[in-house]
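Structure assessment
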Amino acid sequence: MKPLMTAALAAALMAPLAGTATAEAAAYPVKHPKLIANPLYDAGPLPTTTCTEPEVKKGDRKLVRAYVDAVIACLETAWEQHLTGANLTYSKIKVRHVAKIPKTCGFKPMKDDSQMWYCEKNSTLFVQIGKAWLTDPGDLWLFETTAYMYGYHVQNLTGIQVGYDAVRYRNNAEYFEQERRYRLQKDCLAGAFLKSVWPMEGRTTKDWDYYLSMIVGDARGEDRDEGKVATRRAWSKRGFATGDPGSCNTWTAASSKVA
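This one's a predicted model, so the numbers in the text were calculated from it and none came from an experiment.

**Some words on the sheet that holds strand 2 (residues 115–119)**
Spatial ordering of the open sheet is given by 1-3-2, a layout of three strands whose pairing is mixed. One side of each edge strand has no neighbouring strand; the edge strands of this open sheet are strand 1 (94–97) and strand 2. Across this sheet, the average inter-strand angle for adjacent strands is 20°, counted without regard to direction. Here strand 2 runs beside strand 3 (residues 124–128); their pairing, made up of five bridges, is antiparallel. Within strand 3, the residue paired with M116 across the bridge is V127.

**Some points on the pattern of salt bridges**
Applying the stated criterion across every chain, the model contains nine salt bridges. E174 is paired through a salt bridge with R170; the nearest N and O atoms lie 2.5 Å apart. Of the charged contacts in the structure, one is a salt bridge between R183 and D225, with a shortest N-O distance of 3.6 Å. With R183 in helix 6 (residues 172–196) and D225 in the loop between helix 7 (205–214) and helix 8 (229–242), the pair connects residues that are 42 residues apart, well separated along the chain. Here the two residues R183 and D225 agree in accessibility, since each one is buried. What you see here is one network of salt bridges that share partners, running through E53, R203 and D207.

**A word on the packing of helix 2 (residues 61–85) against helix 4 (residues 141–158)**
When two helices pack together, their arrangement is captured by the angle between the axes and the distance separating the axes. Running from amino to carboxyl end, helix 2 crosses helix 4 at an angle of 40°, the nearest separation of the two axes being 10 Å. What the angle tells us is that helix 2 and helix 4 run oblique. Judged by the twist between their axes, the crossing of helix 2 over helix 4 is right-handed. Contact residues: helix 2 offers V64, Y67, V68, V71, I72, L75, E76, W79 and L83, while helix 4 offers L142, F143, T146, A147, Y150, V154, L157 and T158. Of the residues assigned to the contact of helix 2 with helix 4, the class counts are 14 nonpolar, two polar and one charged.

**Section: empty space enclosed by the protein**
Scanning the model with the defined rule gives one cavity of 30 Å³ or more in all. What the largest cavity holds in volume is close to 30 Å³. Contributing to the lining of the largest cavity are L75, W79, A147, Y150, G151, V154, L189, A190 and F193. Within the residue set of the lining of the largest cavity, elements represented by two or more residues are helix 2, helix 4 and helix 6. Among the elements that take part in the lining of the largest cavity, helix 4 stands out by supplying four residues, more than any other.

What counts and what doesn't
- Residues numbered from 1 in each chain as written.
- Predicted model: local features only at pLDDT ≥ 70, side-chain atom pairs only at ≥ 80, totals over all residues.
- Heavy atoms only, no water.
- Pairing = 2+ DSSP bridges.
- Helix = DSSP H or I, 4+ residues; strand = E, 2+ residues; numbered from the N terminus.
- Axes fitted to C-alpha atoms, helices over the stretch in contact; angles between N-to-C directions.
- Salt bridge = Lys/Arg side-chain N within 4 Å of Asp/Glu carboxyl O.
- Buried < 20%, exposed > 50% of the residue type's maximum accessible area, 1.4 Å probe, protein only.
- Parallel < 35°, antiparallel > 145°, perpendicular 65-115°, else oblique.
- Left-handed = near helix turned anticlockwise from the far one by under 90°.
- Contact = heavy atoms within 4.5 Å.
- Nonpolar A, V, L, I, M, F, W, Y, C, P; charged D, E, K, R; others polar.
- 1 Å grid on protein atoms, 1.4 Å probe; cavity = no way out; pocket = protein on both sides within 12 Å on 5 of 7 lines; lining within 4 Å.
- Points joined across faces, edges and corners; volume = space filled by probe spheres on them.

In structure tokens form, the structure reads like this:
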């Protein structure tokens, strides 16, 4: 297993590095079939569904938790139809709202008061809602954050996670590029889901543009495991433009497209 921390969107399952520079390296670029030729890419656009956002209020944790649950329900509706329609494996995600992310499933929670972690072992999303996400819960940030984190579940169901864990790298540069491909794919999948439920009542393109403006990327001097701001926005916009997970194949994209 490789570390999967996502600073901008909270985090996911954390575990020790899988593979080292001295391990037997596969030919580069990545050639694992689960990554580059996954059946998910041939399943077509996500089905058009509706997603009604429940009311949220600043500082109301109960309503914000209910909002996350409602978005999860919308994600389940869309992805169940999509995966089962393509004869791919599907099972529901489990959601646990907690006051504090537990140190389970290899988790190493951050100090942030708001974060989400996905455990692939039991397909459970742990959600910690703190002040940061209670301050202004009315924009698309929480919607797309939830959709992004559901992307871990999609990768788990479709075998992309298996391929990601199996692929080796020869040096740190290759390792971090694989990390970026892995995470940028979720940016794209989240955008594709939003497209499948768009337009949404009470939302305009201004809401989408505002969400894009809030995306952050790798900070100077830190590990380059998420992608530049422009790169993350590009993959989010790519998914939203097509609504098709097939456009989210980051594993065959040129290195310049996942920088």
